[in-house]
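Descriptive analysis of the structure
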Amino acid sequence: LVLLSALRRQSSAQQPNHVIQVLDLVVAAIFYMGLAPPHMLIERWRQPEREATRAAFSDLVSAVTAAEVGAKLLPHVVAYVGAQGAALYDRDDDVIASYGTIQRDPQDADVLRFSLRSGGALVVYSNSYSPLFGGDKVPVLQSFADWVDLALGRCASIARERQFISNAAHELRTPLASLTGFASLLATERHKMSEEEVDVSLQAMVRQGDRARGLVNNLLDMAQIERGAMHFASEVVELAGLVEESLAHAPAPTGRTVEVHIPAGVRVRADSARLQQVIVNLVTNAYRYGGPEITVDAKVDELGRVVVEIADDGAGVAVDLVPHLFQPFARDLRSSGSGSGLGLAICRQITNALGGTITYDSTKPSGARFVVTLPEAA
Amino acid sequence: MSRILVVDDEPDIRMTLRLILQLAGYAVTEAASGGQAIELARDGPDAILLDIRLPDIDGLDVLRALKGDPALATIPVVCVTAHSSGETRRQALALGATGYVNKPFDIDEVRAVVDAAVVTRTAAP
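Presented here is a report on the structure given in the accompanying data block. Nothing here was measured: the structure is a model prediction, and the numbers come from that model.

Once their charged atoms are close, side chains differing in charge can pair, the charge on each being opposite to the other. Scanning the entire structure with this criterion turns up 18 salt bridges over all chains. Its salt-bridge partner being Arg-213 of chain A, residue Asp-210 of chain A comes within 3.0 Å of it at the nearest N-O pair. Of this pair, Asp-210 of chain A and Arg-213 of chain A both sit in helix α6 (residues 195-227), three residues apart, which is roughly one turn of that helix. Look at Asp-210 of chain A and you get partly exposed, because its relative accessible area is 37%. Judged by its relative accessible area of 52%, Arg-213 of chain A is exposed. Across the pair Lys-103 of chain B and Asp-8 of chain B runs a salt bridge, and its minimum N-O distance is 3.2 Å. In this pair, Lys-103 of chain B is assigned in the loop between β5 (99-102) and α5 (107-123) and Asp-8 of chain B in the loop between β1 (3-7) and α1 (11-22), connecting sequence segments 95 residues apart.

Structure, rendered in structure tokens:
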């Protein structure tokens, strides 16, 4: 602009008026663009920044742990604002990942902290000689922090899935150990085994095979319900009859008794086969983990819902397990049990899909009580 | 005949291990819990096959208790577990386990580890 106005002054002496006018127009246009650049120019100037943020984002989606999220994003953050360094902190203020210089001098520091929903923070460090934390950089840094939140949420769900797979494999190991152990013995050393040893081996193989099959069926059921691929019928189900059928399916073992108090005429709207699966699961749990006396009660509450209670007089569920009771493989790893660890998770999925709820309550003075609430059939 | 104490809360696993060891010429006693294991260890078995996941006392704590008792510390202990983590294995070995077998186990592997454990017992002064 200075050059152009100098040129204008110089040329005004020699040039005809219209040339000066054209020069004036050019000067005005450049002056205008400097103050309020047209959209196209802004686009062009911002292009490298956009590419940088896009690269940061596409890097981020491939991160599967919090440390990877930090390692992939922090260099982009630092480059974007020209900072000295940046770090990702967890909820206890421990460093998950860092990049550049984060040991700041308190006398000469410029620090921006963005809190994360997950409890940690994204912190960007600079010093007073690179005062880049201003203007439009802050909102961009905020959006980096929002991405970190999204990425960390995704990491947590990946970690949960990995844990689920590892738990499922772990649960399969015990029946497999028995099955392969007995099978190898029968295959290679049958001649050394007594008739009785062969018999007990075969019976144990059938038992453990059933257990492995039960676990695999439960895994498939869970996957099907989660995908929304399981079909739930909407039938009017007479509850007393359904409980009777469930108990025929899962009869009380020796030493356990089941008392049923369900008034005739209590009907629910549900898928009878799936509801039976829930009742069988809860009753079987009571056989496995509960006391000798088990009761199944049902009533219609004041809101017109059918409330089914399955209770026992055993030790009840350990207090620290109660909050996680309906999560897959939540059972106390130290408790022995031949369950798959998925039964209650499936019960909850099914009752939710049927428009009902399932809750746990300890009975006084002891014992476990599971309460299933379902819509009453009109 | 060398005698092995098999500790596992799963009856079918105990039975598998019992058969595997009996057919290899060992005498076997069984314990279904950590408490019972420590009690039966006093009868002086030649080796202990110890599950890490037990209902009452954690298997690693049982191992700690065995190694902390001068009367029992010399009995070789082989850990058997479905824990796949290297951390559990490292802890077991650090606490003095002589060997480690993962579930599902190979019968020859179980016998080899138990044979080796019994040999260390016999070789010990």
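This part takes up the sheet that holds strand β8 (residues 293-300) of chain A. Backbone-to-backbone hydrogen bonds join strands into a sheet, with any given pair of strands oriented parallel or antiparallel. All names here are of chain A. With mixed pairing, the five strands of this open sheet are ordered in space as β6-β8-β9-β11-β10. Of all strands in the sheet, those bounded by a partner on one side alone are β6 (257-261) and β10 (357-362). Sheet twist, expressed as the mean angle between neighbouring strand axes with direction ignored, is 15°. The pairing of β10 with strand β11 (residues 368-375) spans six bridges and is antiparallel. The residue bridging Asp-361 from the neighbouring strand is Arg-369, located in β11.

This part takes up the interface of chain B and chain A. Listed by partner, the interface residues are 26 residues for chain B and 28 residues for chain A. Scanning the region where chain B abuts chain A turns up three salt bridges. Between Arg-211 of chain A and Glu-10 of chain B there is a salt bridge whose closest N-O contact spans 2.9 Å. In this structure, the connection of chain B to chain A is made through six residue pairs in polar contact (both at pLDDT 80 or more). Listing elements by their share of the side of chain B that touches chain A, those giving two or more residues are α1 and α5 of chain B.

Residue and element names in this part refer to chain B. With respect to the helices, strands and loops of the structure, Asp-58 is situated in the loop between β3 (47-51) and α3 (59-68). Taking relative accessible area as the criterion, Asp-58 reaches 23% and is therefore assigned partly exposed. Here the alpha-carbon distance between Asp-58 and Gly-34, two residues 24 residues apart in the chain, equals 7.1 Å.

Criteria and cut-off values
- Residues numbered from 1 in each chain as written.
- Chains lettered and ligands numbered in written order.
- Predicted model: local features only at pLDDT ≥ 70, side-chain atom pairs only at ≥ 80, totals over all residues.
- Heavy atoms only, no water.
- Salt bridge = Lys/Arg side-chain N within 4 Å of Asp/Glu carboxyl O.
- Helix = DSSP H or I, 4+ residues; strand = E, 2+ residues; numbered from the N terminus.
- Buried < 20%, exposed > 50% of the residue type's maximum accessible area, 1.4 Å probe, protein only.
- Pairing = 2+ DSSP bridges.
- Axes fitted to C-alpha atoms, helices over the stretch in contact; angles between N-to-C directions.
- Contact = heavy atoms within 4.5 Å.
- Polar contact = N/O pair within 3.5 Å; in protein donor to acceptor, adjacent residues only side chain to side chain.

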